[in-house]
Amino acid sequence: MSKLRVGLLFGGRSVEHEVSIVSATSILAALDTKRYDITLIGVDPQGRWHMAPAGVQPAALLSGETRAQASASRQEVLLPATPEGATLVAADKSDTRLGADLDVIIPIIHGRGGEDGALQGLLQLAGVAYVGSGVLSSAMQMDKDVAKRLLQAAGL
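Please read these numbers as outputs of a predicted model, since none were measured by experiment.

This part is about the overall build of the protein. The helix and strand tally for the protein stands at six helices and six strands. Taken from the N to the C terminus, the helices and strands of the protein come in the order β-α-β-β-α-α-β-β-β-α-α-α. Per-residue burial over the protein gives 37% buried out of 156 residues. A sequence separation of at least 24 residues applies to 56% of the contacts in the protein between residues at least 6 apart. Summed over its atoms, the accessible surface of the protein is roughly 9000 Å², and 55% of this surface lies on carbon and sulfur atoms.

Spelled out as structure tokens, the structure:
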């Protein structure tokens, strides 16, 4: 039986960037590497996405030194350009595929841009499978006024 190829997507542009790195580190430690082939995808505070070289920890991926190494190798993360491309792949800037396709993404980006439906919408539009809440439920729970009104309307 082949391993499930899992991408851990973490970091981001919100004030909760560091919390996301801690969460990713915890999840990475809990995943069984005998069952899962894990790829780290970090989003730096400027919004650029980086794929980790093998053996790199989440905090190291988004450190200046490791980001510089990833830039030197010209690795970046690209979403598929067509709906048929239901995977997330790594590619270099000349668009030659470098990494293995992923089966599913675990989004671990906290706050705006990660928990508000924006990331979920991006992944859905790209045809990338992900875990967690969808676009609408993510957006509703992030807007506390809307969430309270919906709960009140439901009698809760």
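Structure's up, so let's keep going.
The element strand β2 (residues 36-43) is largely enclosed, with a buried count of seven among its eight residues. Pairing of strand β1 (residues 4-11) with β2, which is carried by eight bridges, proceeds in the parallel orientation. Bridge pairing links Leu 4 to Tyr 36 in β2. Counting the residues between successive antiparallel strands, the hairpin from β2 to strand β3 (residues 49-51) contains five residues, one of them, Gly 47, with a positive phi of roughly 95°.

What follows covers the sheet that holds β2. Spatial strand order, β3-β2-β1-β6: four strands in an open sheet with mixed pairing. A strand with exactly one partner marks an edge of an open sheet, and here the two such strands are β3 and β6 (104-107). Averaged over all pairs of adjacent strands, the angle between their axes in this sheet comes to 25°, without regard to strand direction. Sheet strands touched by helix α1 (residues 17-30): β1 and β2. Its angle to β1, the strand with the most contacts, is close to 155°.

Looking at the protein as a whole, the pLDDT averages 79, with 74% of positions reaching at least 70. Per-element mean pLDDT across the protein ranges from 48 in strand β5 (residues 89-92) up to 94 in α1. In the model, residues 90-100 has pLDDT below 50 throughout and makes 20 contacts with residues more than four positions away in sequence or in other chains.

Each packed pair of helices is defined by two parameters, the angle between the axes and the distance between the axes. The geometry of helix α5 (residues 135-142) relative to helix α6 (residues 144-153) is characterised by a closest axis approach of 5 Å and an angle of 100° between their N-to-C directions. On the basis of the axis angle, α5 is roughly perpendicular to α6. Facing α5, whose interface residues are Met 140, Gln 141 and Met 142, α6 presents Lys 144, Val 146, Ala 147 and Leu 150. Tallied by class, residues from the contact of α5 with α6 come to five nonpolar, one polar and one charged.

So, how was this worked out
- Residues numbered from 1 in each chain as written.
- Predicted model: local features only at pLDDT ≥ 70, side-chain atom pairs only at ≥ 80, totals over all residues.
- Heavy atoms only, no water.
- Helix = DSSP H or I, 4+ residues; strand = E, 2+ residues; numbered from the N terminus.
- Buried < 20%, exposed > 50% of the residue type's maximum accessible area, 1.4 Å probe, protein only.
- Contact = heavy atoms within 4.5 Å.
- Areas by Shrake-Rupley, 256 points an atom, 1.4 Å probe, with all protein chains shown as cover.
- Pairing = 2+ DSSP bridges.
- Axes fitted to C-alpha atoms, helices over the stretch in contact; angles between N-to-C directions.
- pLDDT = per-residue confidence, 0-100.
- Parallel < 35°, antiparallel > 145°, perpendicular 65-115°, else oblique.
- Nonpolar A, V, L, I, M, F, W, Y, C, P; charged D, E, K, R; others polar.

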